[in-house]
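Residues per chain, in single letters:
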Amino acid sequence: MASDRPRALSGIQPTSGSFHLGNYLGAIRQYVALQETHDAFYMVVDLHAITMPQDPKELRANTRLSAAQLLAAGLDPERCTLFVQSHVPEHAQLGWVMNCITGFGEASRMTQFKDKSAKGGVNNASVGLFTYPILQVADILLYQANAVPVGEDQRQHIELTRDLAERFNQRFGQTFTIPSAHIVKEVAKIYDLQDPAIKMSKSASSPKGLINLLDEPKATEKKIKSAVTDTGTEIRFDAEKKPGVSNLLTIYSTLTGESIPALEARYEGKGYGALKTDLAAVMVDFVTPFRKRTQEFLDDPETLDAILAKGAEKARAVASETLAQAYDRLGFLPAKH
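Note that the structure is a prediction, hence the values are computed from the model and not measured.

1. Considering the overall build of the protein
Helix and strand counts for the protein come out as 13 helices and 5 strands. Here the protein has a C-alpha radius of gyration of 22 Å; the compact-globule value for 337 residues is 20 Å, and the two agree. In terms of overall dimensions, the protein has C-alpha extents of about 75 × 45 × 40 Å along its principal axes. Classification of the 337 residues of the protein by burial places 48% in the buried group. Put simply, the protein has 38 plus and 40 minus side-chain charges, and the middle of one group is 2 Å from the middle of the other.

2. Describing unusual backbone geometry
Phi angles above zero are rare outside glycine, and Gln144 is one such case at about 50°. As for its placement among the helices and strands, Gln144 is situated in the loop between α7 (127–142) and β4 (147–149).

3. As for the domain arrangement of the protein
Splitting the protein by domain gives domain 1 (7–187 + 300–330) and domain 2 (217–294). Summarising the inter-unit geometry, the C-alpha centres of domain 1 and domain 2 are found 33 Å apart. Between domain 1 and domain 2, roughly 780 Å² of surface is buried when both sides are summed, and carbon and sulfur atoms account for 76% of that area. If you sort the residues of domain 1 by the area they bury against domain 2, Leu21, Leu25 and Ala72 come out on top, with a joint share of 54%. Put simply, domain 1 and domain 2 have 0 salt bridges between them. Elements supplying a minimum of two residues to the side of domain 1 that touches domain 2: α1 (21–37) and α3 (56–73). A total of 5 residues in the side of domain 1 that touches domain 2 trace back to one element, the largest contributor, which is α3. For the side of domain 1 that touches domain 2, the class distribution of residues is 7 nonpolar, 1 polar and 1 charged.

4. Considering the nonpolar core
Formed by 53 residues in total, the largest nonpolar core has its most connected members in Leu21, Leu70 and Met283. Of all the secondary-structure elements, those providing two or more residues to this core are β1 (7–12), α1, β2 (39–44), α3, β3 (80–84), α10 (243–256), α12 (272–298) and α13 (301–330). Of all the elements, α12 adds the most residues to this core, at 9 residues. Excluding anything up to four places from it in sequence, Leu70 contacts Ile12, Phe19, Ile28, Tyr31, Val44, Leu75 and Leu82. Judged by nonpolar contacts, the second largest core, of 39 residues, contains Tyr132, Tyr143, Ala145 and Phe176.

Thresholds, definitions, all that
Residues numbered from 1 in each chain as written. Predicted model: local features only at pLDDT ≥ 70, side-chain atom pairs only at ≥ 80, totals over all residues. Heavy atoms only, no water. Helix = DSSP H or I, 4+ residues; strand = E, 2+ residues; numbered from the N terminus. Rg over C-alpha atoms; globule rule 2.2 N^0.38 Å. Buried < 20%, exposed > 50% of the residue type's maximum accessible area, 1.4 Å probe, protein only. Lys, Arg positive; Asp, Glu negative; His and termini not counted. Charge placed at Lys NZ, Arg CZ, Asp CG, Glu CD. Domains from an automatic or database assignment. Buried area = accessible area lost by both parts, 1.4 Å probe. Salt bridge = Lys/Arg side-chain N within 4 Å of Asp/Glu carboxyl O. Nonpolar A, V, L, I, M, F, W, Y, C, P; charged D, E, K, R; others polar. Core = buried A, V, L, I, M, F, W, Y, C linked by side-chain atoms within 4.5 Å. Contact = heavy atoms within 4.5 Å.

As structure tokens, then:
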């Protein structure tokens, strides 16, 4: 039974159109694995997306696109709960409660607000951007999640979640599960193909350095073949001295499951061209079915929307129970129906 398993929760923003290889290898592949071992809840976090200005049409399209890609990557609605955050109003409701038990100084210390507001200036940053870590706390606590798969850079958010859950429990009685960060140590960090000193990301990478999973396979092949390599011709893993080749080896190993030492042995005495040609073929074999499956979901919006509606119903069953308990502990007068 799913309910006998530990519960996992994670979310992905619908702001970027196509997922890129770093998203997939860093997070989404973990989501697929976790649905085998956990009672897994995954959401497209459109409430978080509007902390930055969004075009309404694009937001709606990207929300569907994100859900379609999650399904194409291997999420199974029979084995996990996939939903859109705004379809479950309890997120915003518990978010307000959590705002009211969070100290202003505590919220000010969240590093991601500092990073994001620095780009556009604090005066242009929304209050939503400032408080979004607290909405993230509500996202997690609503589902009584035990494990939250996150990158190392999100560890601070999990600490805040733990602090607020403990604070609420101490003040109002045992209500929330105290979650743990589920940080998979061996998750490969994927770097920009043109600048292997920086992580592959939509905001930092140049178009040539970023592998979008929905790009035409020919474009992906070209990007791999024109990836920056290093001086010398030896194919070996050395992140400091050979960051370009090391990045290509990491991508190859992570996609195929072949170990880096085995790849080093196979390409001994061969040039960078041979590695790039073979990796380009591996990438094309991966992105081609992914693109096809994503498109199939997009071509059938009724089925996609039905999956999301069913997911929201399952999510609300859990979230509404948690919220009702929190409201009761706070001393809110129950609504009579």
